[in-house]
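# Observations on the three-dimensional arrangement
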Amino acid sequence: MKIGLGLYREQLTPDNYRFALQSGATHIVAHLTNYFAGKDPKIDSGDNGGWGDCSTDRLWTYEELSALVEDVRAGGLELAAIENFSPRFWHDILLDGPERGVQIEALKQLIRDAGRAGVPCIGYNFSLAGVYGWTRGPYARGGAESVGFGVEDAPGAVPDPDAPIPDGMVWNMRYRRGVPGAKSISVSNAEIWDRLSRFLKEVVPVAEEAGVMLGAHPDDPPAEVLRGTARLVNRPEKYDRLMSIIDSPSNGLELCLGSLQEMPGGDIYEHVRRFARSGRIGYIHFRNVKGKMPRYVETFVDEGDIDMAEIVRILRDENYQGVMIPDHTPAMTCAASWHAGKAFALGYMRALVQNAHALGPSQSLAHDLAAE
């Protein structure tokens, strides 16, 4: 098991590489789409115009990707993955629009360039609504600011989960100007799975040839329908369906523990064991939550419903050699709230991993073996 840190585009700096090293990380997951900016980036509801405008984004080149790999390496770290395509690159793949064919060929080239540059994994979220509908409040220990879904008496305005997605927007970002009077975006369950299937069948062989794993993030929030659009991986077993579309080591998972725990039904420990055993985890979002759909809040890594030590026992037993990064950490009350939250999570994760051999037997092992 390796410890990494996710950095947004404006954070890909020598100072933050040093921070990652000092916090015990060895790897970086880079976000190149600039949806969260500023000193202490905060993930939000995506309401009020979404996460920004990506209409001028240009396809990342081999030179850019290679420079990123080298910059991270010069900082004493390794690049584990790039997380999320810009919606500008693949909006018509998601929407099944007129530019779909051109965008598929462009993503194939991006994947080839990523492999040539030394990028081992690209995380993606095949979703029209994306992450939407959260409220921000003092939901974590000590009143630390975090986010929640379906929270009663939430401070501030609560985004409407049924609010339509306006024309020209997908995945909470504007990829072009909206057309006045255009229909809002919608997609059925059958349509979204058909679009994903065609996408994977076209790009996974290219990714396999390039030595790149494509890691699918599950839905967050894992609703059945959000903003008039069907969701895709909103139950753990739907990950199995996704992997079965094309049986390839390049058709993998960006395993988000928080999203899995938010989903109704199932035992997260059995699912994590099964996915780790499959060898198709690109990397792990190591985060914790309290509650499940339709109401949950995000917490510090050590205070949620998931026994994170048990997760590490399972990964140890299954010989998981990949990267784990903290994700959506609560903002701590200090002058550098983002860094403090990440440092706390990284320290907790590092202690678990360093002492994995001393954590004792897995508490879920007996049930797992009985099921077999």
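Data block above holds the structure.
Conventions and cut-offs
- Residues numbered from 1 in each chain as written.
- Predicted model: local features only at pLDDT ≥ 70, side-chain atom pairs only at ≥ 80, totals over all residues.
- Heavy atoms only, no water.
- Salt bridge = Lys/Arg side-chain N within 4 Å of Asp/Glu carboxyl O.
- Helix = DSSP H or I, 4+ residues; strand = E, 2+ residues; numbered from the N terminus.
- Buried < 20%, exposed > 50% of the residue type's maximum accessible area, 1.4 Å probe, protein only.
- Pairing = 2+ DSSP bridges.
- Axes fitted to C-alpha atoms, helices over the stretch in contact; angles between N-to-C directions.
- Contact = heavy atoms within 4.5 Å.
- Phe/Tyr/Trp six-rings, centres within 6.5 Å; stacked < 30°, edge-to-face > 60°.
- Lys NZ or Arg CZ within 6 Å of the ring centre and 35° of its normal.

Take the pattern of salt bridges next. The full count for this structure, using the stated rule, is 24 salt bridges. Between R274 and D240 there is a salt bridge whose closest N-O contact spans 2.6 Å. Here R274, found in helix α8 (residues 268-278), pairs with D240, found in helix α6 (residues 236-245); they are 34 residues apart in sequence, far enough to count as distant. Accessibility expressed as a relative area gives 27% for D240, which makes it partly exposed. One salt bridge connects D317 with R316, and the closest N-O pair in it is separated by 2.9 Å. Connected via shared salt-bridge partners are D220, E262, R287, E298 and D327.

Around the barrel, which closes on itself, the 8 strands sit in the order β1-β2-β3-β4-β9-β12-β13-β16 with parallel pairing between neighbours. When the angles between neighbouring strand axes are averaged without regard to direction, this sheet yields 30°. Bridge count for strand β2 (residues 27-30) against strand β3 (residues 78-83) is 4 bridges, and the pairing is parallel. Residue pairing across strands places I28 opposite L79, the latter belonging to β3. Lying on the sheet, helix α2 (residues 62-74) is in contact with β2 and β3; it crosses β3 at an angle near 135°.

Looking now at unusual backbone geometry. Both trends apply: most residues other than glycine have a negative phi, and most peptide bonds are in trans. Here D220 and P221 are connected by a cis peptide whose omega angle stands at 0°. Within the secondary structure layout, P221 lies in the loop between β9 (213-216) and β10 (225-226). Following M293, the chain continues into P294 via a peptide bond in cis, with omega recorded as 10°. Of note, P294 is situated in the loop between β14 (288-292) and β15 (295-299). Although it is not a glycine, D96 sits at a positive phi angle of roughly 55°. Mapped onto the secondary structure, D96 falls in the loop between α3 (87-95) and α4 (100-117). With a phi close to 60°, N319 is a non-glycine residue in the positive phi region. Checked against the element boundaries, N319 lands in the loop between α9 (308-317) and β16 (323-326).

With that out of the way, let us pick up the packing of aromatic side chains. Two descriptors summarise a pair of aromatic rings, namely the distance from one centre to the other and the angle between the planes of the rings. Enumeration over the complete set of coordinates arrives at 15 aromatic pairs. The interplanar angle of 75° and the centroid separation of 6.1 Å between the aromatic rings of Y8 and Y35 together place this pair among those described as edge-to-face. Here Y8, found in the loop between β1 (2-7) and α1 (14-22), pairs with Y35, found in the loop between β2 and α2; they are 27 residues apart in sequence, far enough to count as distant. Considered together, Y8 and Y35 belong to a single accessibility category, that of buried residues. Ring centres of W60 and F89 lie 4.9 Å apart, and the angle between their planes is 80°; on these two criteria the pair is classed as edge-to-face. With a gap of 29 residues between them, W60 in the loop between β2 and α2 and F89 in helix α3 connect regions that are remote in the sequence. Grouping residues by exposure puts W60 and F89 together as buried. Three or more aromatic residues joined by ring pairs form one cluster here, namely F85, W90, Y124, F126 and F199. Above the plane of the ring of Y132 lies R227, whose end atom (NZ or CZ) is 4.0 Å from the centre.

Remember, this is a structural readout, not a statement about activity or role.
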